[in-house]
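Overview (structure and organization)
These are the residues of each chain, in order.
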Amino acid sequence: MQFRRKALSKLNSGDELDLPVRFARPQGKFVLGVSVLVMAVLGVWVFSGSVSAKLSASGILTRAQGSYLLQSPFSGQVTAVLAQEGRLLPPGAPLLQVATEQGERTVRAVAGGRVTSLVAKTGAVVVTGADLAVLERVRSADEPLVAVLYVSGAGGADIRVGAVVDLDVQSVPRQRFGVLRGRVKDVGRAPRTQAQIAGFLGDARLAAQFARQGNPIAVLVQLEGSSATASGYRWSTAGGPPYPLDSTTPVTGAVHLPAQRPVDWLLP
(Lines give C-alpha, C1' and ligand atoms only; values in the text may rest on other atoms or scores of the structure.)
Protein backbone atom coordinates (compact mmCIF):
# COMPACT_ATOMS: atom_id res chain seq x y z
CA MET A 1 0.00 0.00 0.00
CA GLN A 2 2.88 2.26 0.81
CA PHE A 3 4.41 1.71 -2.64
CA ARG A 4 1.03 2.43 -4.29
CA ARG A 5 0.80 5.83 -2.55
CA LYS A 6 4.31 6.75 -3.71
CA ALA A 7 3.52 5.80 -7.30
CA LEU A 8 0.32 7.87 -7.35
CA SER A 9 2.16 10.77 -5.82
CA LYS A 10 4.85 10.57 -8.51
CA LEU A 11 2.21 10.50 -11.25
CA ASN A 12 0.42 13.53 -9.93
CA SER A 13 3.64 15.54 -9.69
CA GLY A 14 4.12 17.89 -12.71
CA ASP A 15 7.68 18.93 -11.96
CA GLU A 16 9.28 16.87 -14.76
CA LEU A 17 6.61 17.30 -17.44
CA ASP A 18 8.00 20.63 -18.63
CA LEU A 19 11.56 19.34 -19.22
CA PRO A 20 12.47 19.39 -22.97
CA VAL A 21 13.28 16.08 -24.65
CA ARG A 22 16.23 16.15 -27.09
CA PHE A 23 15.76 13.68 -29.89
CA ALA A 24 18.92 14.56 -31.96
CA ARG A 25 21.89 16.87 -31.71
CA PRO A 26 22.40 19.66 -34.31
CA GLN A 27 25.38 17.78 -35.76
CA GLY A 28 23.21 14.73 -36.26
CA LYS A 29 20.56 16.76 -38.07
CA PHE A 30 23.23 18.13 -40.43
CA VAL A 31 24.59 14.65 -41.22
CA LEU A 32 21.05 13.36 -41.78
CA GLY A 33 20.28 16.25 -44.14
CA VAL A 34 23.44 15.70 -46.17
CA SER A 35 22.73 11.98 -46.41
CA VAL A 36 19.19 12.60 -47.67
CA LEU A 37 20.48 15.09 -50.24
CA VAL A 38 23.16 12.68 -51.51
CA MET A 39 20.65 9.85 -51.81
CA ALA A 40 18.26 12.11 -53.73
CA VAL A 41 20.97 13.21 -56.18
CA LEU A 42 22.11 9.60 -56.62
CA GLY A 43 18.55 8.50 -57.31
CA VAL A 44 18.09 11.15 -59.98
CA TRP A 45 21.42 10.20 -61.61
CA VAL A 46 20.60 6.49 -61.57
CA PHE A 47 17.37 7.00 -63.51
CA SER A 48 18.34 9.91 -65.78
CA GLY A 49 22.16 9.98 -65.91
CA SER A 50 24.62 8.11 -68.09
CA VAL A 51 28.01 6.39 -67.82
CA SER A 52 30.72 7.05 -70.39
CA ALA A 53 33.30 4.42 -71.29
CA LYS A 54 36.36 4.05 -73.49
CA LEU A 55 37.76 1.09 -75.38
CA SER A 56 41.54 0.85 -75.80
CA ALA A 57 43.16 -0.78 -78.83
CA SER A 58 46.57 -0.80 -80.48
CA GLY A 59 47.11 0.25 -84.07
CA ILE A 60 49.30 2.14 -86.51
CA LEU A 61 49.46 5.35 -88.52
CA THR A 62 49.30 4.63 -92.24
CA ARG A 63 47.59 5.71 -95.46
CA ALA A 64 44.02 4.80 -96.27
CA GLN A 65 45.07 2.34 -99.01
CA GLY A 66 47.70 0.63 -96.88
CA SER A 67 51.00 -0.81 -98.14
CA TYR A 68 52.21 -3.86 -100.00
CA LEU A 69 55.23 -6.10 -99.78
CA LEU A 70 57.25 -6.43 -102.99
CA GLN A 71 58.83 -9.86 -103.39
CA SER A 72 61.47 -10.97 -105.84
CA PRO A 73 60.24 -12.68 -109.03
CA PHE A 74 63.79 -13.97 -109.68
CA SER A 75 66.61 -15.79 -107.95
CA GLY A 76 70.03 -14.20 -108.14
CA GLN A 77 72.25 -11.48 -106.72
CA VAL A 78 71.24 -7.84 -106.31
CA THR A 79 73.65 -5.78 -108.41
CA ALA A 80 72.05 -2.34 -108.02
CA VAL A 81 69.43 -0.58 -105.92
CA LEU A 82 67.61 1.90 -108.16
CA ALA A 83 65.24 3.51 -105.62
CA GLN A 84 65.54 5.24 -102.27
CA GLU A 85 63.45 5.02 -99.13
CA GLY A 86 60.89 7.80 -98.99
CA ARG A 87 60.78 8.21 -102.76
CA LEU A 88 57.42 8.28 -104.55
CA LEU A 89 57.38 5.93 -107.54
CA PRO A 90 54.92 5.48 -110.41
CA PRO A 91 53.62 2.00 -111.33
CA GLY A 92 56.27 -0.09 -113.06
CA ALA A 93 59.20 2.03 -111.82
CA PRO A 94 62.49 0.06 -111.46
CA LEU A 95 63.64 -0.75 -107.92
CA LEU A 96 66.43 -3.29 -108.21
CA GLN A 97 68.73 -5.00 -110.68
CA VAL A 98 69.23 -8.73 -110.13
CA ALA A 99 71.83 -10.88 -111.87
CA THR A 100 70.26 -14.23 -112.72
CA GLU A 101 71.36 -17.23 -114.75
CA GLN A 102 69.42 -15.75 -117.64
CA GLY A 103 71.15 -12.39 -117.32
CA GLU A 104 70.34 -9.04 -115.65
CA ARG A 105 66.71 -8.62 -114.63
CA THR A 106 64.92 -5.55 -113.33
CA VAL A 107 62.50 -5.72 -110.40
CA ARG A 108 59.76 -3.13 -110.80
CA ALA A 109 57.06 -1.68 -108.57
CA VAL A 110 53.77 -3.52 -109.03
CA ALA A 111 51.73 -0.43 -108.10
CA GLY A 112 52.67 3.19 -107.57
CA GLY A 113 53.57 4.35 -104.09
CA ARG A 114 56.16 5.58 -101.63
CA VAL A 115 59.05 3.31 -100.67
CA THR A 116 58.93 2.95 -96.89
CA SER A 117 61.46 0.14 -96.54
CA LEU A 118 64.14 -1.41 -98.75
CA VAL A 119 65.04 -4.86 -97.45
CA ALA A 120 67.44 -6.03 -100.17
CA LYS A 121 70.84 -4.36 -100.46
CA THR A 122 73.44 -4.42 -103.20
CA GLY A 123 75.28 -7.74 -103.15
CA ALA A 124 72.51 -9.64 -101.39
CA VAL A 125 71.58 -13.04 -102.78
CA VAL A 126 67.82 -13.47 -103.13
CA VAL A 127 65.55 -16.32 -104.09
CA THR A 128 62.18 -16.21 -105.79
CA GLY A 129 59.64 -14.91 -103.29
CA ALA A 130 62.18 -13.15 -101.08
CA ASP A 131 61.10 -9.85 -99.49
CA LEU A 132 62.62 -6.88 -101.31
CA ALA A 133 60.75 -3.70 -100.31
CA VAL A 134 57.59 -2.27 -98.77
CA LEU A 135 55.69 0.39 -100.71
CA GLU A 136 52.89 2.55 -99.37
CA ARG A 137 49.96 2.94 -101.76
CA VAL A 138 49.81 6.71 -102.29
CA ARG A 139 49.46 8.92 -105.35
CA SER A 140 50.94 12.07 -103.83
CA ALA A 141 53.22 12.89 -100.93
CA ASP A 142 50.60 15.06 -99.20
CA GLU A 143 47.91 12.40 -98.82
CA PRO A 144 46.68 12.55 -95.19
CA LEU A 145 47.51 9.91 -92.63
CA VAL A 146 44.88 7.75 -90.99
CA ALA A 147 45.04 5.46 -87.98
CA VAL A 148 43.97 1.84 -88.15
CA LEU A 149 43.11 0.23 -84.81
CA TYR A 150 42.73 -3.53 -84.38
CA VAL A 151 39.99 -4.29 -81.85
CA SER A 152 38.95 -7.68 -80.51
CA GLY A 153 35.78 -8.95 -82.15
CA ALA A 154 33.69 -8.54 -78.99
CA GLY A 155 34.69 -4.89 -78.52
CA GLY A 156 34.13 -3.88 -82.13
CA ALA A 157 30.34 -4.24 -81.81
CA ASP A 158 30.17 -1.25 -79.43
CA ILE A 159 32.04 1.20 -81.70
CA ARG A 160 30.04 3.69 -83.74
CA VAL A 161 31.04 5.68 -86.83
CA GLY A 162 31.79 9.25 -85.76
CA ALA A 163 32.97 8.29 -82.26
CA VAL A 164 35.75 10.44 -80.78
CA VAL A 165 39.17 8.77 -80.59
CA ASP A 166 42.21 9.89 -78.56
CA LEU A 167 45.45 8.54 -80.04
CA ASP A 168 48.60 8.11 -77.99
CA VAL A 169 51.40 8.24 -80.59
CA GLN A 170 54.48 6.22 -79.68
CA SER A 171 56.95 8.74 -81.13
CA VAL A 172 55.34 11.73 -79.35
CA PRO A 173 55.77 12.26 -75.56
CA ARG A 174 52.23 12.41 -74.20
CA GLN A 175 53.21 14.41 -71.11
CA ARG A 176 54.45 17.28 -73.29
CA PHE A 177 52.26 17.22 -76.38
CA GLY A 178 49.13 15.34 -75.38
CA VAL A 179 47.15 13.00 -77.64
CA LEU A 180 46.19 13.12 -81.30
CA ARG A 181 42.50 13.73 -82.04
CA GLY A 182 40.45 11.69 -84.49
CA ARG A 183 37.04 10.20 -85.23
CA VAL A 184 35.95 6.74 -86.34
CA LYS A 185 35.37 6.73 -90.09
CA ASP A 186 34.67 3.05 -90.68
CA VAL A 187 34.31 -0.16 -88.65
CA GLY A 188 35.10 -3.48 -90.31
CA ARG A 189 32.18 -5.87 -90.69
CA ALA A 190 34.21 -9.05 -90.30
CA PRO A 191 37.34 -10.01 -88.33
CA ARG A 192 40.62 -9.76 -90.21
CA THR A 193 42.92 -12.74 -90.43
CA GLN A 194 46.64 -12.40 -89.87
CA ALA A 195 47.23 -12.86 -93.61
CA GLN A 196 44.75 -10.08 -94.45
CA ILE A 197 46.40 -7.71 -91.98
CA ALA A 198 49.82 -8.51 -93.42
CA GLY A 199 48.50 -7.88 -96.93
CA PHE A 200 47.21 -4.44 -95.92
CA LEU A 201 50.22 -3.34 -93.86
CA GLY A 202 52.90 -5.10 -95.89
CA ASP A 203 54.43 -6.33 -92.62
CA ALA A 204 54.01 -9.89 -91.36
CA ARG A 205 55.59 -9.08 -88.00
CA LEU A 206 53.05 -6.34 -87.24
CA ALA A 207 50.24 -8.57 -88.46
CA ALA A 208 51.25 -11.28 -85.99
CA GLN A 209 51.33 -8.70 -83.20
CA PHE A 210 47.84 -7.37 -83.92
CA ALA A 211 46.36 -10.85 -84.33
CA ARG A 212 48.02 -12.49 -81.34
CA GLN A 213 44.73 -12.57 -79.37
CA GLY A 214 42.60 -13.73 -82.28
CA ASN A 215 41.29 -12.20 -85.49
CA PRO A 216 40.48 -8.52 -84.74
CA ILE A 217 38.11 -5.97 -86.25
CA ALA A 218 39.83 -3.14 -88.19
CA VAL A 219 38.67 0.35 -87.17
CA LEU A 220 39.62 3.20 -89.50
CA VAL A 221 40.17 6.53 -87.71
CA GLN A 222 40.25 9.81 -89.62
CA LEU A 223 42.64 12.31 -88.04
CA GLU A 224 41.34 15.81 -87.40
CA GLY A 225 43.35 18.32 -89.40
CA SER A 226 44.74 21.64 -88.15
CA SER A 227 46.65 24.36 -89.97
CA ALA A 228 47.98 25.66 -86.65
CA THR A 229 50.25 22.69 -85.87
CA ALA A 230 53.54 21.51 -87.36
CA SER A 231 52.13 18.02 -87.88
CA GLY A 232 49.02 19.30 -89.66
CA TYR A 233 46.72 17.51 -87.20
CA ARG A 234 44.82 18.50 -84.06
CA TRP A 235 46.13 17.60 -80.60
CA SER A 236 44.84 17.87 -77.06
CA THR A 237 47.49 20.56 -76.49
CA ALA A 238 47.65 23.86 -78.35
CA GLY A 239 50.45 23.08 -80.77
CA GLY A 240 51.29 19.39 -80.54
CA PRO A 241 54.80 18.20 -81.45
CA PRO A 242 57.02 20.56 -83.48
CA TYR A 243 57.61 17.98 -86.20
CA PRO A 244 55.57 15.97 -88.76
CA LEU A 245 54.27 12.47 -88.15
CA ASP A 246 55.63 9.42 -89.93
CA SER A 247 53.62 6.64 -91.46
CA THR A 248 53.96 3.18 -89.83
CA THR A 249 54.22 4.80 -86.36
CA PRO A 250 52.52 2.65 -83.67
CA VAL A 251 49.62 4.19 -81.76
CA THR A 252 47.25 3.26 -78.95
CA GLY A 253 43.71 4.52 -79.41
CA ALA A 254 41.03 5.20 -76.78
CA VAL A 255 37.65 5.05 -78.51
CA HIS A 256 34.79 6.86 -76.75
CA LEU A 257 31.84 4.46 -76.60
CA PRO A 258 28.16 5.52 -76.54
CA ALA A 259 26.98 6.62 -73.08
CA GLN A 260 24.97 3.99 -71.20
CA ARG A 261 22.31 4.42 -68.53
CA PRO A 262 23.49 3.02 -65.17
CA VAL A 263 20.19 1.15 -64.50
CA ASP A 264 20.11 -0.75 -67.80
CA TRP A 265 21.59 -3.78 -66.06
CA LEU A 266 18.56 -3.92 -63.76
CA LEU A 267 16.08 -4.21 -66.59
CA PRO A 268 15.04 -7.66 -67.91
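Residues numbered from 1 in each chain as written. Predicted model: local features only at pLDDT ≥ 70, side-chain atom pairs only at ≥ 80, totals over all residues. Heavy atoms only, no water.

**What about the overall build of the protein?**
Threshold: Helical segments are the DSSP runs of H or I of at least four residues, strand segments are the runs of E of at least two, and each set is numbered from the N terminus. Note on contacts: a residue pair is in contact if any heavy atoms of the two residues lie within 4.5 Å. In short, Shrake-Rupley with a 1.4 Å probe defines the accessible areas, and a residue's cover is counted only from the protein chains shown.
Looking only at helices and strands, the protein features 6 helices and 14 strands. Counting contacts in the protein only where the partners sit at least 6 residues apart, residues at least 24 apart contribute 71% of the total. Total accessible area computed for the protein in this model is approximately 16700 Å², and 56% of it derives from carbon and sulfur atoms.

**Comments concerning the nonpolar core**
Spelled out, the test is: In this description, a nonpolar core means a group of buried Ala, Val, Leu, Ile, Met, Phe, Trp, Tyr and Cys residues linked to one another through side-chain atoms lying within 4.5 Å. For every residue, the accessible area obtained with a 1.4 Å probe (protein chains only) is divided by the maximum for its type, and the residue is called buried under 20%, exposed over 50%, and partly exposed between those limits.
L149, I159, L167, L180, V219 and L245 are the most contacted members of the largest nonpolar core, which has 27 residues in total. Among the secondary structure elements, those contributing two or more residues to this core are β1 (51-62), β10 (146-151), β11 (164-169), β12 (180-187), β13 (217-223) and β14 (250-260). Residues contacting L180, with those up to four places away along its chain left out, are L61, V165, D166, L167, V169, L223, Y233, R234, W235 and L245. The next biggest cluster of nonpolar side chains, apart from the first, holds 20 residues, and it includes V98, V107, V126 and A133.

**Observations regarding the pairing of β13**
Our working rule: Two strands form a pair only when DSSP identifies at least two bridges running between them.
With 5 of 7 residues buried, β13 lies mostly within the body of the structure. The pairing of β10 with β13 spans 6 bridges and is classified as antiparallel. Counted as the bridge partner of V148 is L220 from β13. In this structure, β12 lies alongside β13, joined through 5 bridges in antiparallel fashion. The residue bridging V187 from the neighbouring strand is V219, located in β13.

**As for the packing of aromatic side chains**
What counts, and what does not: For this analysis, a ring pair means two rings from Phe, Tyr or Trp (six-membered ring only for Trp) whose centres lie within 6.5 Å, classed as stacked if their planes differ by under 30 degrees, edge-to-face if by over 60, and tilted for the remaining angles.
On inspection of all chains with the given rule, the structure shows 1 aromatic pair. Taking 4.8 Å as the distance between ring centres and 25° as the angle between the ring planes, the aromatic pair formed by Y150 and F210 counts as stacked. Highlighted residues: Y150 in strand β10 and F210 in helix α6 (residues 204-210), separated in sequence by 60 residues. Neither residue differs from the other here; Y150 and F210 are each classed as buried.

**A short note on the sheet that holds strand β2 (residues 67-71)**
Ordered in space as β2-β9-β7-β4, the 4 strands form an open sheet in which the pairing is antiparallel. Bordering the open sheet on either side are β2 and β4 (88-89), each of which pairs with just one other strand. Pairing of β4 with strand β7 (residues 113-118) involves 2 bridges; the strand directions are antiparallel. The residue of β7 that forms the bridge with L89 is G113.

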